[in-house]
Amino acid sequence: MILSAYTKEFKRNLTIAVPIMAGQVAHLLVALADNIMVGKLGAAQLAAVSLGNTFIFIALSIGMGFSFAITPLVAEADGNKNVEVARAAFHNGFIMCAINGVLLVVLLLLAEPILYQMDQPEEVVRLAIPYMRIVGFSLIPLMLFQAMKQFSDGLSLTRNAMYATLLANIVNVFINYLLIYGMWGFPRLEVEGAAYGTLISRILMLLLLYFILKRSSNTRIYFQRISKFSWVYMKSLLNLGLPTALQMFFEVSLFTSAIFLSGMLGTEEQAANQIALNLSALTFMVGVGLSVTATIRVGNHLAPEKRPDLIRVARSIFLMAIIVDIAFALFFYLGRHLLPEIYIDDVKVIELASGLLLIAALFQISDGLQVVVLGALRGLQDVWIPSLICFCAYTLIGFPISYYSSLRFDLGINGIWLGLLVGLSVSALLMYLRFRYLTKQSLTIVIK
């Protein structure tokens, strides 16, 4: 197939993906603002935010994984012009996300004692626990926001969540400024101030998206009547959501282990690791935007007669991901010495972070490609085999390499990131092979 068959889809892909990217990046900027503003207080404070966010990110990945089940169901219903099915998927998904939010808060509170058993610096643990408690409660409004966001995304209305997220992020930075440093008569709460900023901004984000969707001519119909709770829809959501949550859990656990392992090496290593992770997460959010786009557009083409178009659309998104990730790889390579200075003034931390950004440049393509192909598989509603791939790539391959390279073979923090590189590369290859296998099967059916 000639290249123009793929490039002509770029405009439509970008129309859907850019608002998602902006919203995801803005969402991540909440953590970025915490890191930058807290980093000015010192390496211990930055490491505390990093440690506190390890459990938060694990919980968040599980909750978001379940919420992602809403998008392919709504996208398929929207492709078939079935309002009632989309409404039922949304309302039952909202209930599922609400329950998940409460359960995640409880699990985080129960997990606090684990921090003391992880061989982390005592000062860092002492600062991390109150931060984790406050941000943990923000998962309830965040999960409710995710339910509405994934519903809106499934309808290809991706700008709604972007507007709410961008405005909430501005509020977060302002509250951080007041409470971290104690400005304009407000108490100087330092690390806890950053946590309160996150909590308040996420509550605001939920309220804003609710009012946007309820007043919009495209979505108000879904708020006029509440669908009954249905075990049929709930089962479909759980069948998609559970393996998706596992996929995200395995990947986030690999990156979370990097935080734990770096903490065992020292405070400077943990701070450098957090800087590199934070910057890598920003570029990853662009991949997430393309991934959700793949889920939406593949879900819209699930009918057998649309399968040739499905493959063409999916490949166009894969091509976009490769182009963007090459640009990110060059950005990290060229800026590896300057970017860490945004966060901190410590010379050793900057030197360590620069080395990690060099490795991050190497895995940009594999990281972006694996998440985009995973989104396409989710659009096909193929979720269990990808979960197994994630488990093998991250848990059985990536983590052992990180552990032994850093602590047994004396490669230090660079050894940790070697495991990330290998794990992501294996995942990208196997995900793409899985997609090729399924689409060849589908094409055979169409031809027959």
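Computed from a prediction, not measured in an experiment: that's the story for all the values here.

(A) Expanded view of the domain arrangement of the chain. Along its sequence, the chain is carved into domain 1 (23–229) and domain 2 (241–447). For the domain 1 and domain 2 pair, buried surface summed over both sides reaches about 3,500 Å², with 70% attributable to carbon and sulfur atoms. Taken together, the connections running from domain 1 to domain 2 amount to zero salt bridges. Where domain 1 meets domain 2, there are one residue pair in polar contact (both at pLDDT 80 or more). At the level of secondary structure, the elements contributing two or more residues to the side of domain 1 that touches domain 2 comprise helix H2 (10–39), helix H3 (43–67), helix H4 (70–79) and helix H7 (139–154). A class-by-class count of the residues in the side of domain 1 that touches domain 2 yields 25 nonpolar, 13 polar and four charged.

(B) Helix H14 (residues 364–379), seen in detail. Look at H14: 23 Å from first C-alpha to last across 16 residues, which is about the 22 Å you get at 1.5 Å a residue. Of all 16 residues making up H14, 15 are buried, and the element is well covered by its neighbours. Residue Gln381 follows H14 closely and has a positive phi angle near 60°.

(C) Layout of the packing of aromatic side chains. Under the criterion given, the structure shown has 17 aromatic pairs. Arranged with centres 5.0 Å apart and planes meeting at 70°, the rings of Phe151 and Tyr222 form a pair that is edge-to-face. In this pair, Phe151 sits in helix H7 while Tyr222 sits in the loop between helix H9 (191–215) and helix H10 (231–265), placing the two residues 71 residues apart along the sequence. Both residues of the pair, Phe151 and Tyr222, count as buried. Relative to Trp184, the ring of Phe174 has its centre 5.8 Å away and its plane inclined at 65°; by these criteria the two rings are edge-to-face. In this pair, Phe174 is assigned in helix H8 (residues 159–181) and Trp184 in the loop between H8 and H9, connecting sequence segments 10 residues apart.

(D) Looking closely at the side chain of Ser366. Here Ser366 is to be found in helix H14. A polar contact is formed between the side chain of Ser366 and the backbone oxygen of Phe363, at a distance of 3.2 Å. Sequence-distant contacts of Ser366, defined by excluding residues within four places in its chain, comprise Leu424, Ser425 and Ala428.

(E) Representation of the environment of Asn82 in the model. Relative to the elements of secondary structure, Asn82 occurs in the loop between H4 and helix H5 (83–111). Taking C-alpha positions, Asn82 is 23 Å from Phe145, a pair spaced 63 residues apart along the chain. A polar atom in the side chain of Asn82 sits 3.1 Å from the backbone nitrogen of Val85.

(F) Up close: the environment of Arg87. You can see Arg87 is positioned in helix H5. Taking the relative accessible area as the measure of exposure, Arg87 reaches 4% and is therefore buried. Linking Arg87 and Val124, residues 37 residues apart in sequence, is a C-alpha distance of 46 Å. Filtering out sequence-adjacent residues up to four positions away, Arg87 remains in contact with Ile221, Tyr222, Arg225 and Ser227.

(G) Fine view of the pattern of salt bridges. The final tally for this structure, using the stated rule, is eight salt bridges. Linking Arg87 and Glu84 is a salt bridge whose minimum nitrogen-to-oxygen distance equals 3.0 Å. Of this pair, Arg87 and Glu84 both sit in helix H5, three residues apart, which is roughly one turn of the helix. Judged by its relative accessible area of 39%, Glu84 falls in the partly exposed class.

(H) A look at the packing of H5 against H7. Where H5 contacts H7, the two axes come as close as 8 Å, and the packing angle between them is 155°. Taken together, the axes of H5 and H7 lie roughly antiparallel to each other. In terms of crossing hand, the pair formed by H5 and H7 is right-handed. When H5 is examined against H7, the residues Phe90, Gly93, Phe94, Cys97, Ala98, Gly101, Val102, Leu104, Val105 and Leu108 are found in contact with a partner set consisting of Leu139, Ile140, Met143, Leu144, Ala147, Met148 and Phe151.

(I) Highlighting unusual backbone geometry. Positive phi, normally seen in glycine, also occurs at Ser156, with a value near 65°. Mapped onto the elements of the fold, Ser156 is located in the loop between H7 and H8. The phi dihedral of Gln381 falls on the positive side, at around 60°, and the residue is not glycine. Counting through the fold element by element, Gln381 comes out in the loop between H14 and helix H15 (384–408).

(J) Layout of a nonpolar patch on the surface. Together, Ile322, Ile326, Leu330, Tyr333, Leu334, Leu358 and Ile365 line one region of the surface with nonpolar side chains, adding up to about 620 Å² of accessible area. Among the elements that line the nonpolar patch, the one with the most residues is helix H12 (residues 307–335), at five residues. Of the residues examined, Tyr333 reaches a relative accessible area of 40% and is grouped as partly exposed.

(K) Summary view of the side chain of Ser280. Within the fold, Ser280 resides in helix H11 (residues 267–300). In this structure Ser280 comes out as buried when scored by relative accessible area, which is 4%. In terms of polar contacts, Ser280 uses its side chain to reach the backbone carbonyl oxygen of Ala276, at 2.9 Å. Not counting the four nearest positions on each side in its chain, Ser280 is found in contact with Phe332, Ala360, Phe363 and Trp417.

Analysis parameters
- Residues numbered from 1 in each chain as written.
- Predicted model: local features only at pLDDT ≥ 70, side-chain atom pairs only at ≥ 80, totals over all residues.
- Heavy atoms only, no water.
- Domains from an automatic or database assignment.
- Buried area = accessible area lost by both parts, 1.4 Å probe.
- Salt bridge = Lys/Arg side-chain N within 4 Å of Asp/Glu carboxyl O.
- Polar contact = N/O pair within 3.5 Å; in protein donor to acceptor, adjacent residues only side chain to side chain.
- Helix = DSSP H or I, 4+ residues; strand = E, 2+ residues; numbered from the N terminus.
- Nonpolar A, V, L, I, M, F, W, Y, C, P; charged D, E, K, R; others polar.
- Expected span 1.5 Å × (residues − 1).
- Buried < 20%, exposed > 50% of the residue type's maximum accessible area, 1.4 Å probe, protein only.
- Phe/Tyr/Trp six-rings, centres within 6.5 Å; stacked < 30°, edge-to-face > 60°.
- Contact = heavy atoms within 4.5 Å.
- Axes fitted to C-alpha atoms, helices over the stretch in contact; angles between N-to-C directions.
- Parallel < 35°, antiparallel > 145°, perpendicular 65-115°, else oblique.
- Left-handed = near helix turned anticlockwise from the far one by under 90°.
- Patch = residues over 30% accessible without salt bridge, like charges linked within 9 Å, V, L, I, M, F, W, Y side chains within 5 Å.
- Areas by Shrake-Rupley, 256 points an atom, 1.4 Å probe, with all protein chains shown as cover.

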